[in-house]
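Examining the three-dimensional arrangement
What follows is the residue order along each chain.
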Amino acid sequence: MTHIDLNSDVGESFGRWELGDDDAVLEVVTSANVACGFHAGDPSTLARTCRSALANGVRIGAQVSYRDLAGFGRRFVDATQIELTDDVVYQIGGLQAIARAAGGTVSYVKPHGALYNTAVHHDVHARAVVEAIAAVDPHLPVLGLPGSRLLEIARDRGIPTVREAFADRAYHSDGTLVSRREPGAVLDDPAVVAGRVMRMVSDGVVDSIDGDTIRIDVDSVCLHGDSPAAVAMAVATRELLTSEGIEITPFT
């Protein structure tokens, strides 16, 4: 039987400002990319999110970011390798403590936003993330874009890697993500998104924004939790995959 992990970005509210319906999303996905406070999230939000994930049997992952709370982690930060490594160690360690207090553990690491996209091609920042994981726990898998420097460096370092695809983001023909600043970069139709994921999982392909059909290797599919249709897209995707006999299960 074919199987796939579904992950989502959660814990991104801050104080009285709320983003997304984390509890509803966590009833659908199998892995939770919990914000670590550098792009979003406060301690109480993270603790509440970890408890909700555990109540739903969802794996907890540390979603690490550039130090960019005002920009939601979507802006490049020209940090040195040592600075960025220390920042990522700090974020993983903080979430480990919160998850442990809730009765769980951190099972993996995933960069967020600009850090994720930068680590596709930026050796120094990709290496910084990998070295941080190796320093904290070299058994923690890292999620990244197939073909990225992040995953290449992680494999060379002995860090487990997980190839990730995006249900609701457009792709260029080279397999990279279309910038959110460009038209058509973000998809929000539940039926369209579910169908795209079905092709990714069953056929290993996705249509690019340029009209090409490209190969894609995927172990986990991300359904962003901050879009208005997040819950509907997650439900539609899970229902379609399940109806076609695909098991939804964590990659770890």
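Residues numbered from 1 in each chain as written. Predicted model: local features only at pLDDT ≥ 70, side-chain atom pairs only at ≥ 80, totals over all residues. Heavy atoms only, no water.

Burial runs high along strand S2 (residues 31–35): five of the five residues are buried. Alignment of strand S1 (residues 3–10) against S2, held across four bridges, turns out to be parallel. Note on S2: the bridge partner recorded for Asn7 is Ser31. Assessed by its sense of winding, the connection that carries the chain from S2 through helix H2 (residues 43–55) to strand S3 (residues 59–64) is right-handed. (Buried < 20%, exposed > 50% of the residue type's maximum accessible area, 1.4 Å probe, protein only. Helix = DSSP H or I, 4+ residues; strand = E, 2+ residues; numbered from the N terminus. Pairing = 2+ DSSP bridges. Right-handed = clockwise from strand over helix to strand, strands pointing away.)

Now for helix H6 (residues 149–157). Among the residues making up H6, those that are buried are Leu150, Leu151, Ile153 and Ala154. Buried residues of H6 fall within an arc of 165 degrees about the axis and therefore sit on the same side. On its buried face, H6 is in contact with strand S4 (106–111), helix H5 (123–136), strand S5 (142–144) and strand S6 (161–166). Just beyond H6, the residue with positive phi is Gly158, at close to 85 degrees. (Arc of directions from axis to C-beta. Contact = heavy atoms within 4.5 Å.)

Bringing the nonpolar core into the picture now. Formed by 79 residues in total, the largest nonpolar core has its most connected members in Leu95, Tyr171 and Leu241. With seven residues, the top contributor of residues to this core is H5. Here Leu95 is in contact with Val34, Ala35, Cys36, Leu46, Cys50, Ile60, Gly61, Ala62 and Val106, once residues within four sequence places are set aside. (Core = buried A, V, L, I, M, F, W, Y, C linked by side-chain atoms within 4.5 Å.)

Now for the packing of aromatic side chains. Taken as a whole, this structure holds four aromatic pairs when the rule is applied. Summarising the aromatic geometry, the rings of Tyr66 and Phe76 are spaced 5.8 Å apart at their centres and angled 85 degrees between planes, so their arrangement reads as edge-to-face. Taken together, the residues span a long stretch of sequence, with Tyr66 in the loop between S3 and helix H3 (81–101) and Phe76 in the loop between S3 and H3 at a distance of 10 residues. Judged by centre distance (5.2 Å) and plane angle (65 degrees), the ring pair of Tyr108 and Phe251 falls under edge-to-face. Here Tyr108, found in strand S4, pairs with Phe251, found in the segment after strand S10 (247–248); they are 143 residues apart in sequence, far enough to count as distant. You can call Tyr108 buried: its relative accessible area is 0%. Judged by its relative accessible area of 23%, Phe251 falls in the partly exposed class. (Phe/Tyr/Trp six-rings, centres within 6.5 Å; stacked < 30°, edge-to-face > 60°.)

Note on placement: Ala126 falls in helix H5. A C-alpha to C-alpha distance of 4.7 Å links Ala126 and Leu150, two positions 24 residues apart in sequence. Those residues in contact with Ala126 that sit more than four places away from it in its chain are Ala119, Arg149, Leu150 and Ile153.

This structure, assessed with the given rule, holds zero disulfides. Take Cys36: it sits in no disulfide, and the sulfur closest to it among the cysteines is that of Cys50, at 8.8 Å. Cys36 gets classed as buried once you look at its relative accessible area, which sits at 11%. (Disulfide = S-S within 2.5 Å.)

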